[in-house]
Amino acid sequence: MGWTAVSCALALTLLLAGTASADAGHFGISFRDCPETASSGLQAALDAAYGRVNGTFGTCPDHVEVVIISDGAMDKVGKHVDSFSGWNKEFSAIVLRNSSINNCSSLPVLASHELTHLAVNEMLSKKDPSEYHWMEEGICTWISREPLDDADVSHYIVGHGFLDTAGIYDAIKSEDCAVSKNGYMQSYSLVKYMERRYGLEIIKKLLECPEESFDAAFLQCTGVSFASFYGDWKTRVMASGRE
Ligand SMILES: [Zn+2]
């Protein structure tokens, strides 16, 4: 999470080499470059996040490695990054910033955000997901209940200009925090509007739809063209962003 969050499989592999983790439930927890602090709050937050994300999607990996790294090590990934995740068919991990694990307001958000990435990656792995990537950060931000005010988000989007879905994904990937924040906000706002209009199931249906064209999947799942939906979203954001 964070505007410059990255999934870095190579870094994760290096990070986990020789790591001994303590297994508990779905999680193997280990500490790197920071003191091992037995936090019952950490386990409870992970379990609660797993229950919620898996209850929503049913696709969380059975076992997830959780690696806690020092603030200094996380700063090398990005000063604004508090967590990131890595997923492939054999292995799933989330990495958390050490100072975040005792923060009882942000830890549940971080844990849910990263577990949602893992659940979404599992669903998208069954097709070429390139046209769906723009949704991912929005889904994770929304499912993790990041405390964002709708009017603030709309105001922000109006102020920065609307992006199409390719533009949203390009912005998300940017290493410039201000640019990537804009991508996150627009992905979040579109995903939330989709949920409001069609219900939670629409997100799952789209991710699981075998159709690789996003527009074709959207039409198939909703009966409405994405262009028309996007136009409605834009109108709504402009109205609430001006308030
Ligand atoms: Zn993320």
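On a predicted model such as this, the values are computed, not experimentally measured, just so you know.

Caption draft 1: Here's a closer look at the environment of Leu42. By the element assignment, Leu42 lies in helix H2 (residues 40–57). Through-space distance from the C-alpha of Leu42 to that of Asn103 is 9.5 Å; in sequence the pair is 61 residues apart.

Caption draft 2: Local environment of helix H8 (residues 177–198). Taking 1.5 Å of rise per residue, the 22 residues of H8 would be expected to cover 32 Å, and the 31 Å separating its terminal C-alpha atoms lies within 8% of that figure. One or two positions beyond H8, positive phi appears at Gly199, with a value near 90 degrees.

Caption draft 3: Geometry of the packing of helix H6 (residues 150–160) against H8. Two numbers describe how H6 lies on H8: the axes approach to 10 Å, and their chain directions differ by 125 degrees. Looking at the two axes, H6 sits oblique to H8. Both H6 and H8 take part in a crossing whose hand is left-handed. Between H6, through Val153, Ser154, Tyr156, Ile157 and His160, and H8, the contact on the second element is made entirely by Asn182, Met185, Gln186, Tyr188 and Ser189. The residue makeup of the contact of H6 with H8, split by class, is five nonpolar, five polar and no charged.

Caption draft 4: Spotlight on the nonpolar core. Grouped together as the largest cluster of nonpolar side chains are 59 residues, with contacts concentrated most on Leu46, Val53, Val66, Leu115, Ile139 and Val191. Top element by residues in this core is helix H4 (residues 107–124). It accounts for eight residues. Built from parts of two domains, this core gets at least three residues from each of domain 1 (9–124) and domain 2 (133–242). Apart from the residues lying within four places of it in its own chain, the contact partners of Val191 are Met135, Gly138, Ile139, Trp142 and Ile203.

About the thresholds
Residues numbered from 1 in each chain as written. Predicted model: local features only at pLDDT ≥ 70, side-chain atom pairs only at ≥ 80, totals over all residues. Helix = DSSP H or I, 4+ residues; strand = E, 2+ residues; numbered from the N terminus. Expected span 1.5 Å × (residues − 1). Axes fitted to C-alpha atoms, helices over the stretch in contact; angles between N-to-C directions. Parallel < 35°, antiparallel > 145°, perpendicular 65-115°, else oblique. Left-handed = near helix turned anticlockwise from the far one by under 90°. Contact = placed C-beta atoms within 7 Å. Nonpolar A, V, L, I, M, F, W, Y, C, P; charged D, E, K, R; others polar. Core = buried A, V, L, I, M, F, W, Y, C linked by C-beta atoms within 7 Å. Buried ≥ 20, exposed ≤ 12 C-beta atoms within 10 Å, placed from the backbone. Domains from an automatic or database assignment.

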